[in-house]
Amino acid sequence: FDKTIRKIIETRELFVSALREKGFLVLNSSANFVFAKHAKIKGKALYALLRERGFLVRHFDTDLLTDFIRISIGKREDMMLLTDEIENILKEMDQA
């Protein structure tokens, strides 16, 4: 149990750092998920693009959370794939 918790925490911290390097605001989290938003793209739009590409995240259309997506922490490899796809989306937006 403790080993699993450590893995989740380590993966979450790596993922949060990677998102912040890409300009995301990531709320502090002690859970197995994070809330993140980026100034270049609305939460609902990022949610839809990620879903189209096979990544399941959540979006809550409420006043406080509408610009955020909720991302559950998975395996390190999966989180890095998600990070890469988010980077691709941001690059595509810059080119548009």
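Parameters and conventions
- Residues numbered from 1 in each chain as written.
- Predicted model: local features only at pLDDT ≥ 70, side-chain atom pairs only at ≥ 80, totals over all residues.
- Heavy atoms only, no water.
- Pairing = 2+ DSSP bridges.
- Helix = DSSP H or I, 4+ residues; strand = E, 2+ residues; numbered from the N terminus.
- Contact = heavy atoms within 4.5 Å.
- Axes fitted to C-alpha atoms, helices over the stretch in contact; angles between N-to-C directions.
- Core = buried A, V, L, I, M, F, W, Y, C linked by side-chain atoms within 4.5 Å.
- Buried < 20%, exposed > 50% of the residue type's maximum accessible area, 1.4 Å probe, protein only.
- Parallel < 35°, antiparallel > 145°, perpendicular 65-115°, else oblique.
- Nonpolar A, V, L, I, M, F, W, Y, C, P; charged D, E, K, R; others polar.

Enquirer: Give a description of the sheet that holds strand 1 (residues 25-26) that names residues and reports values.
Expert: Strands sit in the order 1-2-3 across an open sheet of three strands; the sheet is antiparallel. The outermost strands of the open sheet, each flanked by one partner alone, are strand 1 and strand 3 (69-72). With two bridges joining them, strand 1 and strand 2 (residues 33-37) adopt antiparallel strand pairing. Note on strand 2: the bridge partner recorded for L25 is K37. Each of strand 1, strand 2 and strand 3 touches helix 1 (residues 2-21); the most contacted strand, strand 2, lies at about 0° to it.

Enquirer: Got a sec to walk through the nonpolar core? Specific residues and values, please.
Expert: Core analysis: the largest hydrophobic core is formed by 19 residues, its most contacted members being F15, L19, F24, L50 and I71. Listing elements by their share of this core, those giving two or more residues are helix 1, strand 2, helix 2 (43-52), strand 3 and helix 3 (76-95). For this core, the element with the highest residue contribution is helix 3, accounting for five residues. Among all residues touching L19, those that are not within four sequence positions of it are F24, V26, A36, I71 and I86.

Enquirer: Let's hear about the environment of T83: which residues, and what values?
Expert: As for its placement among the helices and strands, T83 is situated in helix 3. Judged by its relative accessible area of 4%, T83 is buried. Sequence-wise, T83 and N28 are 55 residues apart; in three dimensions their C-alpha atoms are separated by 18 Å. Apart from the residues lying within four places of it in its own chain, the contact partners of T83 are F15, A18 and K22.

Enquirer: Lay out the packing of helix 1 against helix 3 with the relevant residues and their values.
Expert: It is the contact of helix 1 with helix 3, at a shortest axis distance of 10 Å, that shows an interaxial angle of 10°. Overall, the two elements helix 1 and helix 3 adopt an arrangement that is roughly parallel. For the pair helix 1 and helix 3, contact is made by E10, T11, L14, F15, A18 and L19 and by R76, M79, L82, T83 and I86, respectively. Residue classes in the contact of helix 1 with helix 3 are distributed as seven nonpolar, two polar and two charged.

On their own, these measurements won't tell you what the molecule is for.
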